[in-house]
Amino acid sequence: MAGQEFGHREGAAPAQLHYASGPSGSADPGPRFTVVGAEVPPGVLREAESLLGYEPPPDSPQHADAEQLKGFPTVFGFSELADGGRLLSRAVCTGTDWAGGPVSFHTHALLLSAGARLPDGVLPISTWESPRWAESTPPDGRPDPVGRVEPSGLLRGEALVPFAVSRAERLAAFFADLRDVAANPGAGQLVVVEHDSADVARWIALACTVLPREQAHRLTFTTYTRDPRQSRQQLVGALPSSEPVTDDARYRVHNCAGRPPTGPVTDTWAEVCARVWCAGRPDLFHNDPVDLGPLAASALAEGIALRTDARAAAASWAAGQVDVLPDGTLNALVAGLCGGPVPHLGSPAETLPGTAEQVALAALLARLDGRVTAAVSAPLAARVLASAVLAHGPVPALRAGSLTARAHDDLARDLAPSLRAGIADRAEPAAGRPLALLRAADLLDVDCQDELPELAGRLARELVDASAAAPSGAEPPAVGCPPALLDAVHTHPGLRVALFGSLDTLAAAEPASVARVLQGSGLPLDLQQSGFPHLRMCVAPTESDDRLDRFRGLLRTAGISPLADPAVLRTALRLGWPGGELPTGREAGLLLKELGSDTHRAAGTRELLIEAALAAPPDDPGTPALATDLLRCFAAELGPGRRTALVLLEFTGLLGTAEEGEEWVGRVLELTTSAADPVPDTVAERAFRTVAWRLLEGPAPENELYTLARSAEPRLLAAYGRAARSERVGDRLRSEPAYVADRFCDWNAFPGTYPAWDETRTALLAKVLRPAVRALSGAEQGAVETALDRAGRGKLDAYRAWNRPGALGRFAGRLSGRGRRAEPPGA
């Protein structure tokens, strides 16, 4: 295709130029054009002069004889002109002036117009030493037309192979720089230093072989220059005596007269090209030499050993060509990729494939499944599996028929220790590589049953941790089981039982986390008809909003009595009251009665029941009865602080009943202040609230009210004030005159006992009782006074004085001490 696009014009022969030094002894010995073809534009001559001259090497003899002249370099060049044309030239030294004058030379050149090629499309470098090149100007000044240019036999492939082998250490670095220079005009120039310009021509021939045909036709070069800095070709030849350019970054110098380069070449394509030449197979460059994949694949198919990065490129390319490659080519490529012994334990690191090759070989193996016979693919399958196990690569999912019987037995023998070590490797996520290695062990019939419990424990832990790390509100599939794990659970009964056992153990400790894992996970619990009670409770559907009903349903799902396994009681409680919720007093009391203290004690749920009592809100009606049951069932196991709190809770249930006894305000105060450990705030709040309501329900015994007044307990006084301001008390004040009389007596009692009590009662008189009294009718006012008159001891007079219009301020002032006369000085 490239030849057709940039081909030689039909019927047009290249224009010729001859350029030579003047005859010896002439008046003007300088160089000149001796023949100029009629087709040569005049402007080209001035540009061509700078390209057609000849400068001998600095170390050449000044008086060279004919034999010495043969050692002078040949300047064979191919240059681009300003108008897009090309100039192919050959200059040779014909003698030196015996007087030390200018060197004698002759240059024969062919001018190709823009877009034209040599006859028959031959490459410019292939005309090196062609018989078409003239050694001197034609006597009649009329050169024969160049209808064709016979290529030189010196640069044929079979002749270049020995040269390439002799330069094997330098080939890859040269090809890497060549590709950059040929593809990018701004990449600088490539300088090759050799002792002989013919060797430079061989380098150029090697270059043109590995380049695409069009780039090879366009590559400009010269086989020799005295000063590379004066040359403008892409590839410049030089002798060791030429001007050095080693310190100039514009030049990529390959000094073949010096030491070979050290270190690997990172350009994989260049490295493959070097190996192909050294293998004597330049014919492999004929298709598309710059495409690494097919070139590497062709080399491998021909048995040429390649580096791991090149093997990866070949395998990746072949994976995409499986459907179009001929069977013979595909089989040969697989054989090339599998060349050498299968890696085994103890293989040197350099013989193990790299990660890229492992991935590529695994992808190719997946594409070959069913495309070739097992006899062809089995070596590849064996290599991929061995590399995966030994070199930490991706583990392939092989079928039972992927390996021959011999490969199966050999791999089982060689890989068993590494398979077991990989399955037990705690540095790897259990659901990743270890699980894949277990699948490989099953394929090879390597016994790993003793590794299953530990692997299953790690798998269960990872599932729970992934669930805990998922964002709140994530859908179950976001934290579900990986597909590989689900597949293993369905196909590997031993792993399934071990995994369910580990999850069941975790469910007993973290039921909420395991329940979240199992929602939408797809784990086939139905494959196990019995056992795993905690796991079964975690997947039980929620059938009732009543927590006790849900709890009883969970116990039925477990299939085992808490008496036989008390741990199921703990799991059912944590699932029935999730998220750290506590049972209510009624619920906890029923749980204790239904299951008994011994069961709760064995299950470790006793603390939950006690906490339910101590943390219950003040308005939970079932808490006092629960406290009574807890004191009865766990009397010997309660510490002093908890015992006191429960006794206080129990007593709140007795207030207002016949069993409340006497001095109950003092008893509550004593229990809340004298305990070794502080009473929980919820318990103290309940106790103070209950006492306050007890004092406000009816006529309060004077001794109880007095104890309240002198207690100095701010929490109790605050609870009393809040209760007195409640709507419940307000309703009674507006509807029950006798209740008004009782409250006036209470809030008018014990003035000056304690400042906090005075503040509380005067505030209640002014803000609670006064508005209620003003709203009473005349008859209701009379009922209040009648009740106060029966109470005696001046209460009626005090009420009338307090209830007179404008009397409230004075009454309050007397109570607080305001308005008294000042004591005389010195009193």
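Refer to the structure presented above.
The rules we used
- Residues numbered from 1 in each chain as written.
- Predicted model: local features only at pLDDT ≥ 70, side-chain atom pairs only at ≥ 80, totals over all residues.
- Heavy atoms only, no water.
- Helix = DSSP H or I, 4+ residues; strand = E, 2+ residues; numbered from the N terminus.
- Rg over C-alpha atoms; globule rule 2.2 N^0.38 Å.
- Buried < 20%, exposed > 50% of the residue type's maximum accessible area, 1.4 Å probe, protein only.
- Axes fitted to C-alpha atoms, helices over the stretch in contact; angles between N-to-C directions.
- Parallel < 35°, antiparallel > 145°, perpendicular 65-115°, else oblique.
- Left-handed = near helix turned anticlockwise from the far one by under 90°.
- Contact = heavy atoms within 4.5 Å.
- Nonpolar A, V, L, I, M, F, W, Y, C, P; charged D, E, K, R; others polar.
- Phe/Tyr/Trp six-rings, centres within 6.5 Å; stacked < 30°, edge-to-face > 60°.
- Lys NZ or Arg CZ within 6 Å of the ring centre and 35° of its normal.
- Pairing = 2+ DSSP bridges.
- Expected span 1.5 Å × (residues − 1).
- Polar contact = N/O pair within 3.5 Å; in protein donor to acceptor, adjacent residues only side chain to side chain.
- Salt bridge = Lys/Arg side-chain N within 4 Å of Asp/Glu carboxyl O.

A. Here's a closer look at the overall build of the protein. Helix and strand counts for the protein stand at 37 helices and nine strands. Expected size for 827 residues packed as a compact globule is a radius of gyration near 28 Å; at 53 Å, the protein overshoots this value by more than 25%. Overall size of the protein, expressed as C-alpha extent along the three principal axes, is 165 × 85 × 50 Å. Put simply, the protein has 827 residues, and 49% of those count as buried.

B. Examining the packing of helix 21 (residues 547–558) against helix 22 (residues 567–576) more closely. Relative orientation of the contacting elements helix 21 and helix 22 amounts to 140 degrees, with a least axis distance of 9 Å. Here helix 22 runs oblique to helix 21, going by the angle between their axes. In this structure, the crossing between helix 21 and helix 22 has a hand that is right-handed. For the pair formed by helix 21 and helix 22, the contact residues are R547, R550, F551, L554 and L555 on the first element and V568, L569, A572, L573, L575 and G576 on the second. A breakdown of the residues in the contact of helix 21 with helix 22 according to their chemical character gives eight nonpolar, one polar and two charged.

C. A look at the packing of aromatic side chains. Per the stated rule, a full pass over the model turns up 19 aromatic pairs. Note on F78 and F221: the rings are 6.0 Å apart at their centroids and 35 degrees apart in plane angle, and the pair reads as tilted. A residue pair is termed long-range when its members are at least 10 positions apart, and F78 in strand 3 (residues 75–80) and F221 in strand 7 (residues 221–222) qualify at 143 residues. The exposure classification of F78 matches that of F221, with both residues buried. Taken together, Y19, F33, Y54, F105 and Y224 form an aromatic cluster joined through their ring pairs. It is R743 that lies over the ring of Y739; its NZ or CZ is 4.6 Å from the centre. Note that R770 overlies the ring of W802, its terminal NZ or CZ placed 5.1 Å from the centroid.

D. Summary view of the sheet that holds strand 8 (residues 235–238). Spatially, 2-1-5-4-3-7-8-6-9 is the arrangement adopted by the nine strands of the open sheet, whose pairing is mixed. Looking at the sheet topology across the chains shown, the edges are occupied by strand 2 (32–36) and strand 9 (251–255). Examined bridge by bridge, strand 6 (residues 189–193) and strand 9 share five bridges and lie parallel to one another. Residue V192 lies in a different strand from strand 9, and its bridge partner there is H254.

E. Highlighting helix 21. Across its 12 residues, helix 21 extends 17 Å between first and last C-alpha, which sits within 8% of the 16 Å expected from 1.5 Å per residue. The opening residue of helix 21, the one whose side-chain oxygen lies 3.0 Å from the backbone nitrogen of L548, is D546. Within two residues after helix 21, G559 carries a phi angle of roughly 75 degrees, on the positive side.

F. Region of interest: the pattern of salt bridges. Under the counting rule described, the total for this entry stands at 54 salt bridges. One salt bridge in this structure joins E357 and R311, with 2.7 Å as the shortest N-O distance. In this pair, E357 is assigned in helix 12 (residues 355–368) and R311 in helix 10 (residues 308–319), connecting sequence segments 46 residues apart. Each member of the pair, E357 as well as R311, is classed as buried. The partner of D410 in a salt bridge is R406, with the nearest N and O atoms 3.8 Å apart. Residue D410 and its partner R406 are located together in helix 14 (residues 405–423), separated by four residues, close to a single helical turn. For D410, a relative accessible area of 27% gives the class partly exposed. One network of salt bridges, in which partners are shared, links D598, R601, R606, E607, E637 and R642.

G. Representation of the pairing of strand 5 (residues 103–112). The buried fraction of strand 5 is high, at 10 of 10 residues. As paired elements, strand 1 (residues 15–20) and strand 5 share six bridges and run antiparallel to each other. Residue pairing in the sheet places Q16 in a bridge with L110 of strand 5. For strand 4 (residues 86–96) and strand 5, the ladder comprises 10 bridges, and the chain directions are antiparallel. Along strand 5, the bridge assignment pairs L88 with L110.

H. Seen up close, the side chain of Q16. Mapped onto the elements, Q16 comes out in strand 1. Here the side chain of Q16 touches H108 through a polar contact of 2.9 Å, side chain to side chain. In this structure the side chain of Q16 is engaged in a polar contact, spanning 2.7 Å, whose partner is the backbone oxygen of D144. In this structure Q16 touches V35, V36, G37, V40, H108, A109, L110, P143, D144, P145 and V146, once residues within four positions along its chain are discounted.

I. Local environment of the side chain of H492. Mapped onto the fold, H492 is located in the loop between helix 17 (483–491) and helix 18 (493–509). For H492, the residues in contact, after removing those within four places along its chain, are L438, D442, Q449 and L452.

J. Here's a closer look at helix 34 (residues 755–774). In a regular helix each residue adds 1.5 Å, so 20 residues correspond to 28 Å; helix 34 covers 27 Å between its end C-alpha atoms and thus fits that length. For helix 34, the full list of buried residues reads W757, D758, T760, R761, L764, L765, V768, L769, R770, A772 and V773.

K. View of unusual backbone geometry. Phi at E663 takes a positive value of approximately 55 degrees, unusual for a residue other than glycine. Residue position: E663 is located in the loop between helix 27 (640–654) and helix 28 (664–673). Non-glycine residue A712 carries a positive phi angle of around 60 degrees. By secondary structure assignment, the location of A712 is in the loop between helix 30 (702–710) and helix 31 (714–724).

Nothing here speaks to function; it is all geometry.
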